[in-house]
Amino acid sequence: QVQFVESGGDLVQPGGSLRLSCAASGNSLSLYVMGWYRQVSGKQRGLVATITGGGSTNYAASVRGRFTISRHNAENTVYLQMNKVKPEDTAVYFCNALGVREGAWGQGTQVTVSS
């Protein structure tokens, strides 16, 4: 089982940018489909973006064109570049593998978009 540690969350103004990082330990992520999720307090966790081992990506409609998921397999890290952020992007962001490789959910990293 892989462990994930999210970082990079911060307070950012609307229209600003932020890059989240997901560092993994335990096993290589090279063949895992990885995802970024977000959860608003009291709400269900939702999938934001995914990336396959080969680099194919998919995005939720709400973030498509603004967010970019990427991975650096050599350093066992997945990133989420957030551009033109909106107040509705405010949430705790988590990363995890999808499917059978899913690990335990970590603490996530808080992103707050506010003026």
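Please read all numbers here as calculations on a predicted model, not as lab measurements. (Residues numbered from 1 in each chain as written. Predicted model: local features only at pLDDT ≥ 70, side-chain atom pairs only at ≥ 80, totals over all residues. Heavy atoms only, no water.)

A look at the state of the cysteines
Selection criterion: The disulfide definition used here is simple: a pair of cysteine sulfur atoms within 2.5 Å. Put simply, DSSP H or I for four residues or longer makes a helix, DSSP E for two residues or longer makes a strand, and each gets a number counted from the N terminus.
What the rule picks out here adds up to one disulfide. A sulfur-sulfur distance of 1.9 Å marks the disulfide that ties C22 to C95. When the S-S torsion is 70°, as for the bridge of C22 with C95, the disulfide is right-handed. With C22 in strand β3 (residues 18-25) and C95 in strand β9 (residues 91-97), this residue pair connects regions lying 73 residues apart in the sequence.

Describing the sheet that holds strand β6 (residues 57-59)
Two strands in a sheet stick together by hydrogen bonds in their backbones, pointing the same way (parallel) or opposite ways (antiparallel). Test applied: Strands are treated as partners if at least two bridges between them are detected by DSSP.
Read across the sheet, six strands follow the order β2-β10-β9-β4-β5-β6 without closing on themselves; strand pairing throughout is mixed. A single partner strand is all that each edge strand has here, and the edge strands are β2 (11-12) and β6. Bridge count for strand β4 (residues 34-39) against β9 is six bridges, and the pairing is antiparallel. Within the sheet, the bridge partner assigned to Y37 lies in β9 and is F94.

A closer look at the nonpolar core
Cut-off, in case you're wondering: Definition used in this section: a nonpolar core is a set of buried Ala, Val, Leu, Ile, Met, Phe, Trp, Tyr and Cys residues joined via side-chain atoms within 4.5 Å. Summary of the burial criterion: residues with accessible area below 20% of their type's maximum are buried, those above 50% are exposed, and those between are partly exposed, where the area comes from a 1.4 Å probe applied to protein chains only. Should any heavy atoms of two residues lie within 4.5 Å, those residues are counted as being in contact.
If you look at the biggest cluster of nonpolar residues, it comprises 28 residues, and the most contacted ones within it are F4, M34, W36, L80, M82 and Y93. If we skip the residues at most four places from it in the chain, F4 touches C22, A23, A24, L29, M34, C95, N96, A97, G103 and A104.

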